Amino acid sequence: MGLNPPVGHSMSKPTVLVIDDERDIRELLTITLGRMGLMVETASNVAEGKQRLAENRYALCFTDMRLPDGSGQEIIELIAAKYAETPVAMITAYGNVDAAVNALKAGAFDFVSKPVDINMLRRLVQTAMRLAEEKKTEPPSAGAAKMLGDSPAIQELRGTIVKLARSQAPVYISGESGVGKELVARLIHEQGPRSGPFVPVNCGAIPSELMESEFFGHKKGSFTGAQVDKDGLFQTANGGTLFLDEVAELPIQMQVKLLRVIQEKAVRPIGGRAEVPVDVRILSATHKNLAKLVEVNQFRQDLFYRINVIELRVPPLRERREDVPKLAGRVLERLATDNGQPPARLTPEALAALLAYAFPGNVRELENVLERAVALCENNTIKPADLRLSPQTQAATGAAAAPIEDDGGEDEGEATGDGGLDSYISNLEREAIMKALQETRYNKTAAAKKLGITFRALRYKLKKLGID
């Protein structure tokens with residue numbers, strides 16, 4: 001039986017459902033949540049929890065992992081399938097991170113370990129309530145609109161980002177150098193309910209001897225040069241998101257320590273006597289194949305499973321070629337603003353060359369190519385020769401270029417915002433398409449091949465641009 005009488009839909013206060021067979025846990029959560037101004041209903045088993053869910057709508061649900069008549073996993077899967085608007089958090093036994101990972105994969109918002117840390121619990125609840133409010137007021141794709149492109153690949157990526165932003169599960173962002181992995185991580189953070197900062201760190205840029213201090217902080221006098229207390233990256237990101245870029249570059253010993261922090265949600269600064277609780281969402285990325293590194297014992301398998309609860313692949317530019325004109329237009333507009341002059345113009349032949357290029361360096365390479373072309377071109381008009389594209393990576397060969405090594409720069413990938421680009425980009429596309437059609441005597445299949453796009457994409461463009 002619950003500790004409180006059932007609460008109907010008419011109640012003005014948000015209501016939380018707690019499903020746990022331990023009376024002490026139910027009472028602790030009821031008192032803590034009540035002090036936060038929330039109503040609480042409780043259930044002691046799976047059957048009772050399912051009945052409550054069928055009768056009422058809740059702002060948040062907590063469920064224990066082990067229940068007398070089943071598993072909390074059943075509750076999580078039920079909520080994910082039928083009550084997706086309700087965030088659900090798993091209550092796990094201390095150190096049972098495998099169950100927490102499985103819960104996150106099934107759709108849990110977050111997890112809390114026994115014994116329950118009250119401060120961590122409060123932060124989790126506040127995050128969940130913000131998420132519920134944002135769902136009511138913000139269009140689901142508002143933040144993801146910052147990612148330029150209309151290709152099916154980028155539309156699917158935008159939709160996935162919106163879904164992942166609602167969870168607190170660790171996300172591993174995979175993709176070649178230059179595709180925009182940091183931009184994806186920022187969008188996941190910005191569209192989520194976390195009020196803390198987004199803290200990006202390039203794991204390959206920190207000297208190994210300073211790594212532990214950078215991540216976990218240190219106390220004054222703990223080593224030579226430690227003249228003041230210093231917070232680490234985990235404390236800096238508390239309440240927010242820590243983005244571990246190039247996570248494959250972490251030394252094995254650091255991987256062990258990172259795994260422990262993720263499991264225990266606490267750090268011990270160098271020279272510190274006590275652990276400091278941290279509430280941080282982990283997003284990670286690398287252009288390397290982590291699964292293969294695990295196979296050759298260069299990356300710990302247990303850490304791989306912890307950070308790879310959900311994998312998100314960012315497509316290379318060659319898989320979204322129809323986005324090239326819009327991306328190019330945005331880059332040229334940004335360069336014009338920086339240089340204080342009108343945007344450079346791509347000739348139809350230059351745009352066709354870009355569309356036919358495989359871009360092994362992806363969006364970052366497109367930016368570099370256009371920046372160089374703007375500097376080289378005459379009369380503010382970019383011709384194919386100004387692009388200086390390598391003939392070995394032309395898309396016409398049909399060979400996908402191999403990913404290049406990361407140069408250590410920021411992986412922002414794409415510029416944001418459309419501005420007044422639509423007509424400018426449409427004119428570029430129209431010129432390139434008309435030229436290709438004329439050169440192929442209006443053979444659409446041949447024109448599509450010449451432009452480096454599919455016949456279906458060309459047909460879509462013809463309709464969009466009103467070309468008969």
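Predicted, not measured: the structure shown is a model, and the values here were computed from it. (Residues numbered from 1 in each chain as written. Predicted model: local features only at pLDDT ≥ 70, side-chain atom pairs only at ≥ 80, totals over all residues. Heavy atoms only, no water.)

Caption draft 1: Expanded view of the environment of Gly-196. Within the element layout of this structure, Gly-196 appears in the loop between helix H7 (181-191) and strand E9 (198-202). Distance in space between the C-alpha atoms of Gly-196 and Gly-240 is 3.7 Å, their sequence separation being 44 residues. Other than its neighbours up to four places away in sequence, Gly-196 contacts His-189, Asn-238, Gly-239 and Gly-240. (Helix = DSSP H or I, 4+ residues; strand = E, 2+ residues; numbered from the N terminus. Contact = heavy atoms within 4.5 Å.)

Caption draft 2: Representation of the sheet that holds strand E3 (residues 60-64). Read across the sheet, five strands follow the order E2-E1-E3-E6-E7 without closing on themselves; strand pairing throughout is parallel. Whereas interior strands pair on both sides, the edge strands pair on one side only; in this sheet they are strand E2 (39-43) and strand E7 (110-113). If you compare each strand with its neighbour and ignore which way they point, the axes differ by 20° on average. Looking at chain direction, E3 and strand E6 (residues 88-92) are connected through four bridges and run parallel. From the neighbouring strand, Asp-64 faces E6, where its bridge partner is Ile-91. Set on the sheet, helix H2 (residues 46-55) makes contact with strand E1 (15-19) and E2; between it and E2 the angle comes to about 140°. Of the strands in this sheet, E1, E3 and E6 are in contact with helix H3 (residues 72-82), which crosses E3 at around 155°. (Pairing = 2+ DSSP bridges. Axes fitted to C-alpha atoms, helices over the stretch in contact; angles between N-to-C directions.)

Caption draft 3: Main features of the pattern of salt bridges. Considering all chains together, one arrives at 24 salt bridges under this definition. A salt bridge links Lys-326 to Asp-150; the shortest N-O distance between them is 3.2 Å. Taken together, the positions of Lys-326 in helix H13 (residues 324-339) and Asp-150 in the loop between helix H5 (118-137) and helix H6 (152-165) put the pair 176 residues apart, joining distant regions of the chain. Across the salt bridge formed by Arg-313 and Glu-319, the nearest N and O atoms sit 2.8 Å from each other. For Glu-319, a relative accessible area of 42% puts it in the partly exposed group. Through salt bridges with shared partners, a single ionic network connects Asp-20, Glu-22, Asp-64 and Lys-114. (Salt bridge = Lys/Arg side-chain N within 4 Å of Asp/Glu carboxyl O. Buried < 20%, exposed > 50% of the residue type's maximum accessible area, 1.4 Å probe, protein only.)

Caption draft 4: View of unusual backbone geometry. Backbone geometry at Asn-362 places phi at a positive 60°, although glycine is not the residue there. As for its position among the elements, Asn-362 is in helix H15 (residues 362-376). Positive phi outside glycine occurs at Arg-388, with the angle close to 55°. Within the secondary structure layout, Arg-388 lies in the loop between helix H16 (384-387) and helix H17 (422-439).

Caption draft 5: Representation of empty space enclosed by the protein in the model. Applying the stated criterion to the full structure yields three cavities of 30 Å³ or more. What the largest cavity holds in volume is close to 250 Å³. Looking at the lining of the largest cavity, the elements with two or more residues in it are helix H4 (97-106), E7, helix H10 (252-264) and strand E13 (281-286). With four residues, the single largest contributor to the lining of the largest cavity is H4. Counted by class, the lining of the largest cavity contains 13 nonpolar, one polar and six charged residues. (1 Å grid on protein atoms, 1.4 Å probe; cavity = no way out; pocket = protein on both sides within 12 Å on 5 of 7 lines; lining within 4 Å. Points joined across faces, edges and corners; volume = space filled by probe spheres on them. Nonpolar A, V, L, I, M, F, W, Y, C, P; charged D, E, K, R; others polar.)

Caption draft 6: Seen up close, the packing of aromatic side chains. Summed over the entire model, instances satisfying the criterion amount to seven aromatic pairs. The interplanar angle of 75° and the centroid separation of 6.5 Å between the aromatic rings of Tyr-172 and Phe-304 together place this pair among those described as edge-to-face. Note that Tyr-172 is positioned in strand E8 (residues 171-174) and Phe-304 in helix H12 (residues 301-307), a separation of 132 residues in sequence. When sorted by exposure, Tyr-172 lands in the same class as Phe-304, which is buried. Judged by centre distance (5.8 Å) and plane angle (50°), the rings of Phe-304 and Tyr-305 are tilted. The exposure class assigned to Tyr-305 is partly exposed, which follows from its relative accessible area of 43%. Members of the aromatic cluster, each reached through a chain of ring pairs, are Tyr-172, Phe-304 and Tyr-305. (Phe/Tyr/Trp six-rings, centres within 6.5 Å; stacked < 30°, edge-to-face > 60°.)

Caption draft 7: Structural view of the packing of H13 against helix H14 (residues 348-355). Following both chains from N to C, one finds H13 and H14 inclined at 120°, their axes separated by 10 Å at the closest point. Here H13 and H14 pass one another in a crossing that is right-handed. Residues Val-324, Pro-325 and Ala-328 of H13 form the contact with H14, whose own contacting residues are Leu-351, Leu-354 and Leu-355. Considered class by class, the residues forming the contact of H13 with H14 number six nonpolar, no polar and no charged. (Left-handed = near helix turned anticlockwise from the far one by under 90°.)

Caption draft 8: The pairing of E8, seen in detail. Burial along E8 is two-sided: Val-171 and Ile-173 and Tyr-172 and Ser-174, pointing in opposite directions, are all buried. In terms of strand pairing, E8 meets E13 through four bridges, oriented parallel. Each bridged residue has a counterpart across the sheet, and for Val-171 the counterpart in E13 is Leu-283. Both E8 and strand E14 (residues 310-313) contribute to a ladder of four bridges, which runs parallel. Bridge pairing in E14 places Ile-173 opposite Leu-312.

Caption draft 9: Inspection of the packing of helix H18 (residues 444-451) against helix H19 (residues 455-465) at higher detail. Between H18 and H19, the least distance of the axes is 9 Å, while the angle of their chain directions is 100°. As far as their axial angle goes, H19 and H18 are roughly perpendicular. When H18 is examined against H19, the residues Lys-444, Thr-445, Ala-447, Ala-448 and Leu-451 are found in contact with a partner set consisting of Phe-455, Leu-458 and Leu-462. Grouping the constituent residues of the contact of H18 with H19 by class yields six nonpolar, one polar and one charged. (Parallel < 35°, antiparallel > 145°, perpendicular 65-115°, else oblique.)

Caption draft 10: Region of interest: the environment of Ile-188. Within the secondary structure layout, Ile-188 lies in helix H7. If we skip the residues at most four places from it in the chain, Ile-188 touches Ile-161, Leu-164, Ala-165, Val-171, Ile-173, Arg-281, Leu-283 and Leu-312.

Caption draft 11: Spotlight on the sheet that holds E8. With parallel pairing, five strands are arranged side by side in an open sheet as E9-E10-E13-E8-E14. At either margin of the open sheet sits one strand with a lone partner, and together these are E9 and E14. Within the sheet, the average angular offset between the axes of one strand and its neighbour, ignoring direction, is 20°. Pairing of strand E10 (residues 241-245) with E13, which is carried by five bridges, proceeds in the parallel orientation. Looking at the pairing, Phe-243 lines up with Leu-283 of E13.

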